[in-house]
Amino acid sequence: MATTDLPPLPASPSPTPRLACADLSSGYLGKKVLDGVSFSVEEPAIYVVLGPNGAGKTTLFRTMAGILTPYRGSVEIGGRSIEQQATRDRLHFLSHVDGIPDGLTVEEALEFYAAVQRASHGDVDRVLGLLEIETLRAKFFSELSAGQKKRVSIARIFLKERDIYLLDEPTANLDPKVATEIRDLVLKLSRDRIVLYSSHNLFEAREIGRYVIALKNGRLALFGRIADLRSARYTVGIRATKGEGQLPSSARKGDYFIFELAGPEEVPKLLKELEGKGVQIREVKEMSNPLEDLFT
Amino acid sequence: MTGTPAPLPSLTAMTFRRGMRIGRLYLVLGVFFTLFLTVVLLRSTKGAFPTAFPLEIPMFAALGSMGGLMLFTNDRSKGVLEYLIAYGVPPRTLLLNALATATGLTTIVLGAALAVGLGGYVAVGNTLSTDLENAILFYTIPMAYAGGLFASVAGMVWSTLSSPRTGMNSPVGVAPLLGVAPPVLVLVLAEASSKSDYYYITAGSAAIFLVIVVALLLLASRLMGRERFLSPL
């Protein structure tokens, strides 16, 4: 399923509302996991939520979705508290757990969530087509592969259009093909909606995200444009067709000879230097990801 | 939205249907055992039916009601409750839907037993005595619901306070025993009392168990944080 083949998504019902977390502290059974997190987003885009395990990503999503009651602070959409039903109706949440009831077929499971969201049979048929799971309609959820289960789980967020989507690791443990398909759907969704997307895959995060919300030890470590991030060290890999003997064999990763530079502006200088030594360069590849620094 | 406006069943109706499906083994066992005993009592030549029939039903009705509790514990561990809360379903409604399912399943076992038992009893030429009617009205019916609901609510509270376990050391594993306890305990208590107090004790005990059910429900929905309903996965 390529991006261009995707059926059109319905247009956003209204201008994107502002999602604001103010001084948000939250956790489980009195144990604080999130501590004083504040940010607000209004521009339709993918906001990648990053952080090491235990940083508070899932807790942030659960609190923003109104599942956890904050110990302090607030979550508001369009200036209204998430505790109000009308506010919850503007948001979709996709948990890292499938959340599909036991003993139901795919169609019945989607009907169950359609009833909860006050959607219709027609909406169920539409998302079965959108996610290309029509052939799974009569199958029990327990019979599906991991990729198929994830598709069904994701299908529920397309039953009813909302302004804001909180997606907790939607591509975790999926094969690359299914992960790409899901990323394409999310990218399409983000054209006119706010999508908060948590991931452990830094290359995926850099590929699809426009902004990063980084958490560390339950606190907001960074909120900014991914394009503006610069690595503390900039690493490039070079493959050569001729003159490999001139390249440092100690710093080698697979077929690539590794060079650490101060920044991308030093690459032309390096290439000129290597060409001067008789090296014929076949490929230059960026090996580091500035998002990695958020995990250190 | 492009969908045609076809109405879907309510969440409560879907919950009941799922409860029947997920707890079908317990439901089948509850109906089977109670009907089996009913037929044995109907065929008894010792006239045991009027005294034994009202006593056997509540225990199997409690067993048959387990689908409500199983649904709740399954939905919690699969993360379904988390989604429902995110969509705005209050935790109290989640508990009530499971109890409504348990009530419906109890009604199925109770209804089948009473229809077959009393129908068969009358069909073979007997008349319903006042004692039999009183036993059914003041013991069988209230204790069937009290046992099923008590087991369900206690199991749900236990489930939300603990990590999921399987087998006999789980809320679902122990709940049938909890369901059997009220009718048996009340019976022991009533047997030790004078005949004039018998039905006051049975009906009163059923009422007390129902008050306990309501109190546990209120405590669970008011005092438990929503994090208690999350999947531990």
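Sequence positions are assigned chain by chain, starting from 1 and proceeding in written order. The lettering of chains begins at A and the numbering of ligands begins at 1, in the order of writing. For this predicted model, a pLDDT threshold of at least 70 governs which residues receive local features, and a threshold of 80 or more governs which side-chain atom pairs are given and counted, while totals over whole chains, interfaces and linings are taken from all residues.

Explanation requested: the overall build of chain A in the structure shown.
Helix and strand definitions here come from DSSP, where helices need a minimum of 4 consecutive H or I residues and strands a minimum of 2 consecutive E residues; each element is numbered from the N-terminal end. When helices and strands are tallied, chain A shows eight helices and 14 strands. Principal axes of the C-alpha set define a box for chain A whose edges measure 70 × 45 × 35 Å.

Explain the interface of chain A and chain B here, please?
Quoted interface sizes are often the accessible area lost when the parts come together. A pair of residues counts as a contact when their C-beta atoms, built from backbone coordinates, are within 7 Å of each other. Listed by partner, the interface residues are 32 residues for chain A and 32 residues for chain B. Sorting the residues of the side of chain A that touches chain B by element identifies α2 (85–88), α3 (106–116) and α4 (121–130) of chain A as the ones contributing at least two each. Considering each element in turn, the side of chain A that touches chain B owes the most residues, five residues, to α3 of chain A. Residue polarity is assigned by list, with Asp, Glu, Lys and Arg as charged and Ala, Val, Leu, Ile, Met, Phe, Trp, Tyr, Cys and Pro as nonpolar; anything else, Gly included, falls into the polar class. Looking at the side of chain A that touches chain B, its residues break down into 16 nonpolar, ten polar and six charged.

Would you take a moment to explain the sheet that holds strand β4 (residues 72–77) of chain A for this structure?
The strands that make up a sheet are held in pairs by hydrogen bonds between backbone atoms, and each pair lies either parallel or antiparallel. Residues and elements named next belong to chain A. Note on pairing: two strands pair once DSSP finds at least 2 bridges between them. The strand order β2-β1-β4-β5 describes an open sheet built from four strands, whose pairing is antiparallel. Of all strands in the sheet, those with a lone pairing partner are β2 (31–41) and β5 (80–81), marking the two edges. By the bridge criterion, seven bridges tie strand β1 (residues 19–28) to β2 in an arrangement that is antiparallel. Pairing of Leu24 across the sheet is with Val37, part of β2.

Which parts of the structure should I look at to understand the packing of helix α6 (residues 91–123) of chain B against helix α7 (residues 130–161) of chain B?
Residue and element names in this part refer to chain B. Here, axes are lines fitted to C-alpha atoms. For helices the fit covers the stretch in contact, and angles between N-to-C directions go from 0 to 180 degrees. Look at α6 against α7: their axes get within 9 Å of each other, and the N-to-C directions meet at 145 degrees. The crossing of α6 and α7 is right-handed. Touching Leu95, Ala98, Leu99, Ala102, Thr103, Thr106 and Leu110 of α6 are Ile141, Ala144, Tyr145, Gly148, Leu149, Ser152, Val153 and Met156, all from α7. Looking at the contact of α6 with α7, its residues break down into eleven nonpolar, four polar and no charged. Handedness of a helix crossing follows the sense of rotation of the near helix relative to the far helix, less than a right angle counterclockwise being left-handed and clockwise being right-handed.

Sorry, what's going on with helix α5 (residues 146–155) of chain A here?
Because the α-helix completes a turn every 3.6 residues, residues three or four places apart line up on one side. Here the C-beta atoms are placed from the backbone, and a residue counts as buried if at least 20 other C-beta atoms lie within 10 Å of its own, exposed if 12 or fewer do, and partly exposed otherwise. Turning to α5 of chain A, its buried residues are Lys150, Arg151, Val152, Ser153, Ile154 and Ala155 of chain A. Looking at the buried side of α5 of chain A, the elements it contacts are β6 (91–94), α3, α4 and α6 (176–189) of chain A.

Looking at this model, I keep getting lost on the domain arrangement of chain A. Mind explaining?
Note: domain ranges come from an automatic or database domain assignment. When the domains of chain A are assigned, the result is domain 1 (3–228) and domain 2 (234–295). Of note, the centres of domain 1 of chain A and domain 2 of chain A, computed from C-alpha atoms alone, are 38 Å apart.

Help me out: how do you make sense of α7 of chain B in this one?
All names here are of chain B. For a helix, the expected span equals 1.5 Å multiplied by the number of residues minus one. For α7, with 32 residues, the first-to-last C-alpha span of 45 Å sits near the 46 Å given by 1.5 Å per residue. Two axes enter the definition of the bend at a residue: one is fitted to the seven residues ending there, the other to the seven starting there, and the bend is the angle between them. In the structure, α7 departs most strongly from a straight axis at Ile136, where the bend amounts to approximately 35 degrees. Taking burial as the measure, the 32 residues of α7 include 24 buried ones, the bulk of the element.

Looking at this structure, how should I read the nonpolar core?
General note: in soluble globular proteins, nonpolar side chains tend to be found buried as a group. With 130 residues, the main nonpolar core has Tyr47, Leu166 and Val195 of chain A as its most contacted residues. Broken down by element, this core gets its largest block of residues, 16 residues, from α7 of chain B. Excluding anything up to four places from it in sequence, Leu166 of chain A contacts Phe61, Met64, Ala65, Leu91, His92, Phe93, Leu94 and Leu196 of chain A. To define a nonpolar core, we join buried Ala, Val, Leu, Ile, Met, Phe, Trp, Tyr and Cys residues through C-beta atoms within 7 Å and take the resulting set. Among the nonpolar cores identified, the runner-up in size contains seven residues, and Val236, Leu247, Phe257 and Phe259 of chain A belong to it.

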